[in-house]
Amino acid sequence: MKRVLLDMDLNLFRLALLEDGEPVEFYVESKSGESLVGNIYVGNIVNVIPNLQAAFIDIGVGKNAYWYYGNSRATSDTTKENRPKTGESIVVQVEKDAVGTKGAVLTQQISFAGKFLVLLPQEPGEIGISRKITQEQERANIRELIKSMLPESCGVIVRTNGAGRTEAEFRKELTQLLHKWEVVSQAKYRKAPALLWKENEPALKAARDFYTADVDVFSVNDAETYAQLKQTGDFDGENQPSLELYEEQIPLFSAYYAESKMQRALSSKVWLKSGGYLVIEETEACVVIDVNSAKAAGRGDLEKVIYKTNLEAAKEAARQMRLRNLSGIIIIDFIDMVQERHRIELTKELTAAVAKDRIKVQVVGMTELGLMQVTRKKTRPSLQKQVTAKCRSCEGSGRVMSIDWIVAQMHREAEQICASSICKKLTVFADERLLHTFAGEKCIFITRIMEKYGVEIVPMPEQNSAFGWYKMEREA
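Keep in mind that this is a model prediction, so the values were computed, not measured.

### Things to note about helix α1 (residues 136-149)
Note: α-helices contain 3.6 residues per turn, so residues at a spacing of three or four share the same orientation. With 14 residues, α1 extends 21 Å between its outermost C-alpha atoms, agreeing within 8% with the 20 Å of an ideal straight helix rising 1.5 Å per residue. Of the residues making up α1, those classed as buried are R139, I142, I146 and M149. Seen from one end, α1 has its buried residues packed into an arc of 105°, which puts them on one side. For α1, exposure combined with an orientation more than 90 degrees from the buried face picks out E136, Q137, E144, K147 and S148. Taken together, the buried residues of α1 touch β10 (117-120), β11 (127-129), β12 (155-158) and α2 (167-187).

### A look at the sheet that holds strand β2 (residues 12-19)
The five strands are arranged β3-β2-β1-β14-β15 in an open sheet whose pairing can be described as mixed. What marks the edges here is a single partner per strand, and that holds for β3 (22-30) and β15 (242-245). Neighbouring strand axes in the sheet, compared pairwise and without regard to direction, differ in orientation by 15° on average. In this sheet, strand β14 (residues 217-220) lies alongside strand β1 (residues 2-8) in parallel orientation, the contact comprising four bridges. Within β14, the residue paired with V4 across the bridge is F218. Relative to β3, helix α7 (residues 302-324) is tilted by about 30°, and along the sheet it contacts β2 and β3. Its contacts with the sheet put helix α10 (residues 403-420) on β1, β2 and β3, and the angle it makes with β2 is roughly 70°.

### Looking at the packing of aromatic side chains
All told, the structure shown has nine aromatic pairs when counted by the stated rule. Seen in terms of ring centroids, F112 and W197 are 6.4 Å apart; in terms of plane orientation they differ by 85°. Their pairing is edge-to-face. Placement of the pair is F112 in strand β9 (residues 112-113) and W197 in strand β13 (residues 194-197), with a sequence separation of 85 residues. Across the pair, exposure class does not vary: F112 and W197 are buried alike.

### What to know about the pairing of strand β4 (residues 40-49)
Inspection of the sheet shows β4 paired to strand β7 (residues 89-96) by five bridges, in the antiparallel sense. Bridge pairing in β7 links I40 to Q93. In this structure, β4 lies alongside β13, joined through three bridges in antiparallel fashion. Across the sheet, the residue bridging to I40 is W197, located in β13. One ladder, built from five bridges, connects β4 with strand β5 (residues 54-58); its direction is antiparallel. Counterpart to N44 in the pairing with β5 is D58.

### Considering the sheet that holds strand β26 (residues 470-475)
Taken together, the three strands give an open sheet; going across it, the order is β25-β24-β26, and neighbouring strands pair in mixed fashion. Where the open sheet ends on each side, the last strands, each with one partner, are β25 (456-461) and β26. Taking each pair of neighbouring strands and ignoring which way they run, the sheet shows an average axis angle of 20°. Bridge analysis of strand β24 (residues 425-430) against β26 gives six bridges, and the strand direction is antiparallel. Each bridged residue has a counterpart across the sheet, and for A430 the counterpart in β26 is Y470. Against the sheet, helix α11 (residues 432-439) makes contact with β24, β25 and β26, and its axis sits at roughly 135° relative to β24, the strand it touches most.

### Quick look at the side chain of S327
Checked against the element boundaries, S327 lands in the loop between α7 and β19 (328-333). Not counting the four nearest positions on each side in its chain, S327 is found in contact with V287, R376, K377, K378 and R380.

### Quick notes on the packing of helix α3 (residues 202-209) against helix α4 (residues 223-231)
One can describe the packing of α3 onto α4 by two numbers: an axis separation of 10 Å at closest approach and a directional angle of 45°. Judged by the angle between their axes, α3 and α4 are oblique. Considering the relative orientation of α3 and α4, their crossing is right-handed. On the side of α3, the interface is formed by A203, L204 and A207, while α4 contributes T225, Q228 and L229. Residues that form the contact of α3 with α4 fall into these classes: four nonpolar, two polar and no charged.

Calculation criteria
- Residue numbers here run from 1 along each chain, matching the order of that chain's written sequence.
- A pLDDT threshold of at least 70 governs which residues receive local features in this predicted model, and a stricter bar of 80 or more applies before side-chain atom pairs are shown or counted, although totals over entire chains, interfaces and linings include all residues.
- Note: side-chain values were computed over all heavy atoms of the structure, leaving out hydrogens and water.
- Elements are defined by DSSP. Helices are runs of H or I of four residues or more, strands are runs of E of two residues or more, and each kind is numbered from the N terminus.
- Expected helix span is given by 1.5 Å per residue-to-residue step, counting one fewer step than there are residues.
- Per-residue accessibility, obtained with a 1.4 Å probe over protein chains only, is compared with the maximum for each type, and a residue is labelled buried under 20%, exposed over 50%, and partly exposed between these values.
- Directions are taken from the helix axis to each C-beta atom, and the arc is the one they span.
- We call two residues contacting when some pair of their heavy atoms lies within 4.5 Å.
- Paired strands, in this sense, are two strands between which DSSP finds at least two bridges.
- Convention adopted: a line fitted to C-alpha atoms gives each axis, helices being fitted over their contacting stretch, and angles between N-to-C directions are expressed from 0 to 180 degrees.
- The criterion for an aromatic pair is that two Phe, Tyr or Trp rings (for Trp, the six-membered ring) have centres within 6.5 Å, with stacked assigned to planes under 30 degrees apart, edge-to-face to planes over 60 apart and tilted to the rest.
- Note on angle classes: values under 35 degrees are labelled roughly parallel, values over 145 roughly antiparallel, values of 65 to 115 roughly perpendicular, and the remainder oblique.
- If you view the pair so one helix is near and one far, a crossing is left-handed when the near helix is turned anticlockwise from the far one by less than a right angle, and right-handed when it is turned clockwise.
- Put simply, Ala, Val, Leu, Ile, Met, Phe, Trp, Tyr, Cys and Pro go in the nonpolar bin, Asp, Glu, Lys and Arg in the charged bin, and everything else, Gly too, in the polar bin.

See below:
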């Protein structure tokens, strides 16, 4: 049983993918810092760096984005005539979001992703098929079907979800994707910088990305988002996932025990059943996962205990990469093993474990120092970076929960108190700035909760309180 939870808050969008009731993926997006991936802009080239075959582009989002032009312009030809020039306008798509001090990463290879197809409007006649569609006859049938309906000027990639789809389903989605390209084509002569195409709202993007035959249910706690998803027509037919509007008083994540597990996913220490544990540290350059034997040590033959602990750690490391969205270079420091065959088996175990991931993961192998090298494709910031902010007090050496995350937590806690106990008045103590965000624009949240539960909400400013501190007192 696979279920996708879509939790819509005033400030925060949260998603959890559950497999047999256990969270395997979390995603958080702040309304104030929503993802730009997939958006298409006409931008201004503000700086060209020939040695790197790269340029910085102003796309109108405050921070200049990075574009590597080596793939789209001959890498061996770096003459001035072939380089992009400062002041030129260029149509680009956001490939990766900005992280820290680094701006968004751009590409000139425009694409439009659907549930079954990815349209490549600049690659005439190109037809790619997901490697996970393995049956040769099915691949041949899909290729002929797509070829018969694809315009000569465009190419497509058939996604894994395209397996078993009908001609009508492919044609409907192809028409929608071609319409997007037509809109962009007509707008590309606008004055730069300008947004030409905005990808769907977070919930709609999530529905597209998680739309697979093995997802059974999408649960959403917001009536407006539910109506948007219903209008897509993706939840009514045979072999389609069902869509349900969650209207219970207990918050959605709490009802499925995902709230506490999300909190645990932010901890640096992860315990193993054997008694060992992992320590996960994210740095600017890479992610480091350290495996420790701890309580597992001293139980029988040392080499066997270490081997067993490492195998368990490999499975858990793969699970944590997906759960926390760890990406880029990942170094796993397993416990040293003497036997070569154990190291080989460990590599196989890790390779099998990461195969379940939706994101591309490559197990490179061990270094001479016994460190396992893994790479995972970067698609968005890690869970930690999605929900925390740099701490100003320690000049960036540590992190604290972001204000959007804290306020969303306050919203859920307030609703839970009102829903699960006799409460006529709820007084909320916090810093004035935090209370202002908690109340929402024109006190929308306070008004909503008072109308829903018949409870009076009283914000009470606390002078000189620490960032993120709050307290709630109820009166029966």
